[in-house]
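An overview of the molecular structure
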Amino acid sequence: MSDKGLHILLAEDDPNFGIVLKDYLELHDYEVTLSTDGCQAITAFRKGTFDLCILDVMMPGKDGFTLAREIKKIQPEMPLIFLTAKAMREDMLEGFKIGADDYITKPFDSEVLLYKIKAIMHRTGGGPNAEKPEVTEYTIGQYRFQYKLRLLHHNGDIQKLSPKETELLHLLCEHLNDVLPRDQALLRIWHEDSYFTGRSMDVYIAKLRKYLRHDPSVEIINIHGQGYRLCAYNGVML
């Protein structure tokens, strides 16, 4: 896969440096969204679809480490590069603990950054926007879930799902027999982790349990303090 055309979120509080770096990356056929602080960047991330994030460590409002943790909650597989003006060992260790793919100290050679981006995208398979086989149909015990059509089949009966029911069941299927973190589901579907969105998700979980009640081998378990687990002992992905 070519790396060109990938969408990069660039969070950099120095407007001059940010614009120069954005222009340089766009000159090499990357699509770049520039945010000048961490709060602006997380808003952009929630609204957009990105393949890679380049984050300055020192930013007003929300620093790069805090921003990276929030990004990883929403999309744990998102590749990250940190930019910093300080070559401090403690900062580098903190960045890698969060899940950074690389750490670059300013000033740096822009061409080196390009090669680092290429290496990361090739190592991670091209990022979340890379072409991957898309699973559109799941078997959940006796049920058949058609994700794109928003349909749940059981013994000839068909349940049409709402958009949020569909997305929540899809996430549960992606974590089949494993824990779906509560905050990850809230941020992916409701774009906010709050008391009210949490209560709303509980309502949708109750609806899904009702739809799946006809097969005793299927259940959605509440994992206290963590999230939900969709258990389907003979469930497979098609």
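None of the values given here were measured: they were computed from a predicted structure.

Rules used throughout
Residues numbered from 1 in each chain as written. Predicted model: local features only at pLDDT ≥ 70, side-chain atom pairs only at ≥ 80, totals over all residues. Heavy atoms only, no water. Helix = DSSP H or I, 4+ residues; strand = E, 2+ residues; numbered from the N terminus. Buried < 20%, exposed > 50% of the residue type's maximum accessible area, 1.4 Å probe, protein only. Contact = heavy atoms within 4.5 Å. Core = buried A, V, L, I, M, F, W, Y, C linked by side-chain atoms within 4.5 Å. Salt bridge = Lys/Arg side-chain N within 4 Å of Asp/Glu carboxyl O. pLDDT = per-residue confidence, 0-100. Pairing = 2+ DSSP bridges. Right-handed = clockwise from strand over helix to strand, strands pointing away.

Counting through the fold element by element, K160 comes out in strand β9 (residues 157-160). By relative accessible area, which is 48% here, K160 ends up partly exposed. Each C-alpha atom, one on K160 and one on Q146, is 9.9 Å from the other, the two residues being 14 residues apart in sequence. Apart from the residues within four sequence positions on either side, K160 is in contact with L149, R150, L151 and E165.

What follows deals with the nonpolar core. Ranked by internal contacts, the top residues of the largest apolar core, which has 28 residues, are I140, F145, L168, L169, L172 and L230. Looking at this core, the elements with two or more residues in it are β6 (137-140), β7 (143-146), α6 (163-174), α7 (182-190), α8 (195-211), β11 (218-223) and β12 (227-232).

With the rule as written, the count across this model stands at 8 salt bridges. K106 serves as the salt-bridge partner of E12, at 2.8 Å between the closest nitrogen and oxygen. Placement of E12 in the loop between β1 (7-11) and α1 (15-27) and of K106 in the loop between β5 (102-105) and α5 (110-123) is noted, with a sequence separation of 94 residues between them. Given a relative accessible area of 1%, E12 falls into the buried group. Of the charged contacts in the structure, one is a salt bridge between E137 and R144, with a shortest N-O distance of 3.4 Å. What makes R144 partly exposed here is its relative accessible area of 32%. Overlapping salt bridges bring together E12, D56 and K106 as one network.

Bringing the confidence of the model for the chain into the picture now. The share of residues in the chain with pLDDT of 70 or more is 89%, and the mean pLDDT across the chain is 86. Mean pLDDT in the chain bottoms out at strand β13 (residues 236-237), which sits at 42, and peaks at strand β8 (residues 151-154), which reaches 96.

Let us look at the pairing of strand β3 (residues 52-56). Of all the 5 residues making up β3, 5 are buried; the element is thus mostly covered by neighbouring parts of the structure. Residues L52, I54 and D56 point to one face of β3 and C53 and L55 to the other, with burial holding for every one of them. Bridge analysis of β1 against β3 gives 4 bridges, and the strand direction is parallel. By the bridge assignment for β3, L10 is matched with I54. Here 4 bridges tie β3 to strand β4 (residues 80-84), and the two strands are oriented parallel to one another. Paired with I54 across the bridge in β4 is I81. Taking the sense of rotation as the criterion, the β-α-β connection linking β3, helix α3 (residues 64-74) and β4 turns out right-handed.

Turning our attention to the side chain of T84. With respect to the helices, strands and loops of the structure, T84 is situated in strand β4. Sequence-distant contacts of T84, defined by excluding residues within four places in its chain, comprise D56, V57, Y103, I104, T105 and K106.

Right, let's get into the environment of L114. By the secondary structure assignment, L114 is in helix α5. Along the chain, L114 and H28 lie 86 residues apart, while their C-alpha atoms are 8.7 Å from each other. With near-sequence residues (within four places) excluded, L114 lies in contact with Y24, L25, H28 and Y30.

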